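# Reading the structure
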Amino acid sequence: MRAQVCKFFLLPVFCMLWLFGSFSAIAETPIHQVSSETCKACHKEIYKQWKGSMHAQSSALNDPIHGTFYGMVMGDPTKEGVKSKKGKYPVCLQCHTPNAAKDKTTKLDAKPAYAEGVNCVACHTLAEYKGTTGKNGKPTLGLKAYRTSSVLQGPQGFKTEFAVEDDMFGGTADDGDQKPNPHLGKSVELDGKTIASMPMEGNPMLMKTNDACMGCHDKRSNSFKVPLCATGDEYFKGKADVTCTSCHMPISNGLANHEMGGGHDIAMLKRSVIFSISSKKQGDKLNTVVTMKNKQPHSLPTGAPFRNIYLKLTAYDTNGKVLWQNANGHPAKEDPQAYLMYELLDDNDVHAAPPMAKKLGPDTRLKAFETRHLTYSIPAKNVALVRGELFYNLLWPELVKKFTKLPKDLTAPMPMAMSEVKF
Ligand code: HEC
Ligand code: HEC
Ligand code: HEC
Ligand code: HEC
Ligand code: HEC
């Protein structure tokens, strides 16, 4: 019908546009520029989970903490041509905004697929993990640690050659709705709109192993070769062959959950540790033992170097009056064993910010699967209750003081575990 109308009007150029325009506009978009909004049309549940995750907030435009650091060490995320102090393309973008890194742009608001940070296609086009150390020993981080593909990568893939009816309308388990499958090599129609073909290959060797995560989560050092984040290095290399996804992408509602909670997720923090206190009277003292067991195959806390946990131990009388506590306020000085942190130092052994650190200080975090006991001797007189509490903090105390503009929920200590003994 359209072809006939075209002949009639003898305007071949316009007609070609009319014929193919609606398809080509989408089809010509390189896959790494496809916004997660496109995937949302069918993968509603996964989209919602991802949207609430730190992956969706990972660009300097959307994560206030990363945005603050990025502004300090690199520059304005809405400008083109931002460079590091050494005049290089900002390395941050290789992990925090991989689609922008692919186009070597620093104007992160130029396309939704950049601003979205680690979006659907950022992970689902990773084809092969090459490691985070290049041939010359230089770090190859984030996107650079991978061979990427213009074809989407999935954990199973589809039978594209001799597809049967079932494969065409597999449905997206998500919302119970049957959806047409655009991953079989043909464009599809959904709600009157054409969705361009987005071919997909099965790649279980990447999608079902830690390779899917390690390019960005292995380790990263600052320009003085001091390791900042090192979840990969911390990782338990013993017999328990447990994948990141077994915890970070559990099955919920029949699908691999894409919330990927970590330090920002109180539910995740609560289940990260076995925490228990015992307290026995001996003479005029309460011999108190605090037990903490890290359930993870990586450190607790892991990730960014400023993540930290502290213990508050308090003895109360029957009226709730505090008779004894392990520290008055933050335990860093009075009770250092109660402070689990990763210390970065400058040349004078003074605590340093990540970009300035010259060497590592003590690492008092719980190592993979470590169980640690801390002992305290508390004066027993009038004590009715001993309470232990663990608090998780996204930032070191001095950063909390410095970054006064950050939202309170990012700077307030998060209660992650509690245990009591009554007398
Ligand atoms: C028009 C609907 C539609 C759109 C849009 C869509 N998908 Fe899908 N997708 C499907 C269907 C249908 C399946 C098959 C699901 C099933 O079998 O339950 C699927 C399956 C998948 C799978 C699983 C493949 C495997 O190996 O198991 C992945 C990954 C995926 N899609 C990613 C994406 C991404 C990323 C986007 C956006 C760039 C996207 N999809 C856009 C309909 C869609
Ligand atoms: C392309 C790089 C990239 C890949 C691949 C990647 N991540 Fe991430 N991930 C990030 C970045 C960047 C952040 C931090 C976002 C922020 O806080 O600004 C993050 C954050 C997280 C967090 C949350 C941390 C928090 O602060 O709460 C978890 C958990 C996580 N990733 C797990 C995974 C797992 C599991 C995989 C593999 C299935 C994976 N990631 C793959 C880049 C990546
Ligand atoms: C941080 C990386 C990452 C991001 C971001 C990501 N995915 Fe995934 N996705 C994975 C991994 C890894 C798996 C495989 C899980 C498995 O099978 O163990 C997966 C699995 C899937 C599946 C198959 C689920 C199942 O249980 O069969 C679909 C569909 C999917 N992703 C769609 C999406 C969509 C849509 C988005 C964006 C809204 C997205 N993914 C964002 C890493 C990611
Ligand atoms: C046994 C479950 C389990 C496994 C396996 C696991 N994690 Fe975690 N992960 C957690 C829990 C619980 C937390 C929250 C407590 C913490 O920060 O250690 C967490 C936190 C994180 C964070 C948040 C760091 C931050 O700055 O907020 C990242 C990133 C992360 N994990 C990445 C990984 C990667 C990558 C792997 C695989 C190499 C992995 N995890 C394997 C349970 C697990
Ligand atoms: C190798 C990949 C990688 C590179 C390169 C990278 N980051 Fe990150 N960054 C991550 C990951 C993964 C997380 C979140 C999980 C964690 O804490 O390890 C993160 C978290 C952060 C956080 C904490 C965010 C929050 O919400 O608490 C800040 C701040 C940060 N990065 C700043 C930067 C800056 C600034 C740069 C560039 C100078 C940079 N990162 C380069 C992977 C990277």
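Our subject is the structure listed above.
Notes on the structure follow.

Moving on, we get to the overall build of the protein chain. Along the protein chain, the regular secondary structure elements total 17 helices and 20 strands. Here the protein chain holds 423 residues, and 44% of them are scored as buried. In the protein chain, of all internal contacts separated by at least 6 residues, the share reaching a separation of at least 24 is 63%. If you sum the accessible surface of the protein chain, you get close to 23,000 Å²; carbon and sulfur atoms cover 58% of it.

Below, the discussion takes up the coordination of the iron atom of ligand 1. Bound to the iron atom of ligand 1 on the protein side are His43 (NE2) and His183 (NE2), at distances that span 2.0 Å. Viewed at the metal, the 6 donor atoms of the iron atom of ligand 1 are separated by angles of 89 to 180°, and the geometry they form is octahedral. Highlighted residues: His43 in the loop between α3 (36-40) and α4 (44-51) and His183 in the loop between α10 (165-168) and β4 (188-190), separated in sequence by 140 residues.

Attention now moves to the pairing of strand β18 (residues 371-379). Residues Arg372, Leu374, Tyr376 and Ile378 point to one face of β18 and are all buried, whereas Thr371, His373, Thr375, Ser377 and Pro379, pointing to the other face, are not buried. With 9 bridges joining them, strand β12 (residues 285-294) and β18 adopt antiparallel strand pairing. For Thr291, the partnering residue across the bridge sits in β18 and is His373.

This part covers the site of ligand 2. Neighbouring ligand 2 are 22 residues; His55, Asp63, Cys213, Cys216 and His217 lie closest to it. Backbone polar atom of Gly263 to an oxygen atom of ligand 2: 3.1 Å apart, as the coordinates give it. Listing elements by their share of the shell around ligand 2, those giving two or more residues are α6 (92-96), α12 (211-217) and α14 (244-248). Broken down by class, the residue content of the shell around ligand 2 amounts to 10 nonpolar, 10 polar and 2 charged.

Counting protein donors around the iron atom of ligand 5 gives one, His96 (NE2), at 2.2 Å. Looking at the element boundaries, His96 is found in helix α6.

The topology assignment puts Ala352 in the loop between β16 (342-345) and β17 (359-363). The class of Ala352 is buried, set by a relative accessible area of 7%. When neighbours within four sequence positions are excluded, Ala352 is seen to be in contact with Leu344, Leu345, Asp346, Ala357 and Trp396.

Moving on: the packing of aromatic side chains. Taken as a whole and judged by the stated rule, the model has 8 aromatic pairs. Relative to Phe369, the ring of Phe236 has its centre 5.0 Å away and its plane inclined at 75°; by these criteria the two rings are edge-to-face. Here Phe236, found in the loop between α13 (231-234) and α14, pairs with Phe369, found in the loop between β17 and β18; they are 133 residues apart in sequence, far enough to count as distant. Taken together, the aromatic side chains of Phe69, Phe306, Trp396 and Phe403 make up a single cluster linked through ring pairs. Here the guanidinium or amino end of Lys358 rests over the ring plane of Phe224, the centre of that ring lying 4.8 Å away.

This part covers the sheet that holds β12. For sheets, the rule is that strands pair by backbone hydrogen bonds, running either parallel or antiparallel. The 3 strands lie next to each other as β11-β12-β18, forming an open sheet whose pairing is antiparallel. The open sheet has two edge strands with one neighbour each: β11 (273-282) and β18. Neighbouring strand axes in the sheet, compared pairwise and without regard to direction, differ in orientation by 15° on average.

A few words on unusual backbone geometry. Cis geometry is found at the peptide bond from Leu300 to Pro301, where omega equals -10°. Assignment of secondary structure puts Pro301 in the loop between β12 and β13 (308-316). In this structure, Lys104 is a non-glycine residue whose phi angle is positive, near 50°. In the Ramachandran plot, Met260 falls in the positive-phi region, its phi being about 45° despite a non-glycine side chain. Position of Met260 relative to the elements: it lies in the loop between β10 (255-256) and α15 (266-270).

A cluster of basic residues, Lys86, Lys88, Lys104, Lys138, Lys144 and Lys225, forms a positive patch on the protein surface. Along the polypeptide, Lys88 turns up in the loop between α5 (64-73) and α6. A relative accessible area of 54% places Lys88 in the exposed class.

What follows concerns the environment of Lys159. Its location among the elements puts Lys159 in the loop between β3 (152-154) and α10. Residues Lys159 and Leu184 lie 25 residues apart in sequence; the distance between their C-alpha atoms is 7.9 Å.

Applying the stated criterion to the full structure yields 12 salt bridges. Residue Asp76 is joined to Lys79 by a salt bridge in which the shortest nitrogen-to-oxygen separation is 3.3 Å. Take Asp76: its relative accessible area is 31%, and that puts it in the partly exposed class. Via salt bridges that share partners, Asp218, Lys219 and Asp233 belong to a single interconnected network.

Bringing the nonpolar core into the picture now. By size, the foremost hydrophobic cluster in this structure holds 48 residues, and its most contacted members are Val290, Met292 and Leu390. Broken down by element, this core gets its largest block of residues, 5 residues, from β13. With residues up to four places along the chain from it excluded, the contact list for Val290 reads Phe275, Ser276, Ile277, Leu311, Leu313, Arg372, His373, Leu374 and Tyr376.

Below, the discussion takes up the side chain of His66. With respect to the helices and strands, the residue His66 is situated in helix α5. Once you skip the residues sitting within four places of it in the chain, His66 turns out to touch Ser58, Ser59, Ala60, Cys92 and His96.

A few words now on α4. Within α4, burial applies to Ile46, Tyr47, Gln49 and Trp50. Along the axis of α4, the buried positions cluster into a sector of 165°, meaning they face one direction only. Among the structural elements, α3, β9 (251-252) and β10 are those in contact with the buried residues of α4.

Scoring rules and cut-offs
- Residues numbered from 1 in each chain as written.
- Chains lettered and ligands numbered in written order.
- Predicted model: local features only at pLDDT ≥ 70, side-chain atom pairs only at ≥ 80, totals over all residues.
- Heavy atoms only, no water.
- Helix = DSSP H or I, 4+ residues; strand = E, 2+ residues; numbered from the N terminus.
- Buried < 20%, exposed > 50% of the residue type's maximum accessible area, 1.4 Å probe, protein only.
- Contact = heavy atoms within 4.5 Å.
- Areas by Shrake-Rupley, 256 points an atom, 1.4 Å probe, with all protein chains shown as cover.
- Donors = N, O, S within 2.8 Å, 3.2 Å for Na, K, Ca; no water.
- Tetrahedral: all angles 85-135°; square planar, octahedral: opposite > 155°, others 65-115°.
- Pairing = 2+ DSSP bridges.
- Near = heavy atom within 4 Å.
- Polar contact = N/O pair within 3.5 Å; in protein donor to acceptor, adjacent residues only side chain to side chain.
- Nonpolar A, V, L, I, M, F, W, Y, C, P; charged D, E, K, R; others polar.
- Phe/Tyr/Trp six-rings, centres within 6.5 Å; stacked < 30°, edge-to-face > 60°.
- Lys NZ or Arg CZ within 6 Å of the ring centre and 35° of its normal.
- Axes fitted to C-alpha atoms, helices over the stretch in contact; angles between N-to-C directions.
- Patch = residues over 30% accessible without salt bridge, like charges linked within 9 Å, V, L, I, M, F, W, Y side chains within 5 Å.
- Salt bridge = Lys/Arg side-chain N within 4 Å of Asp/Glu carboxyl O.
- Lys, Arg positive; Asp, Glu negative; His and termini not counted.
- Charge placed at Lys NZ, Arg CZ, Asp CG, Glu CD.
- Core = buried A, V, L, I, M, F, W, Y, C linked by side-chain atoms within 4.5 Å.
- Arc of directions from axis to C-beta.

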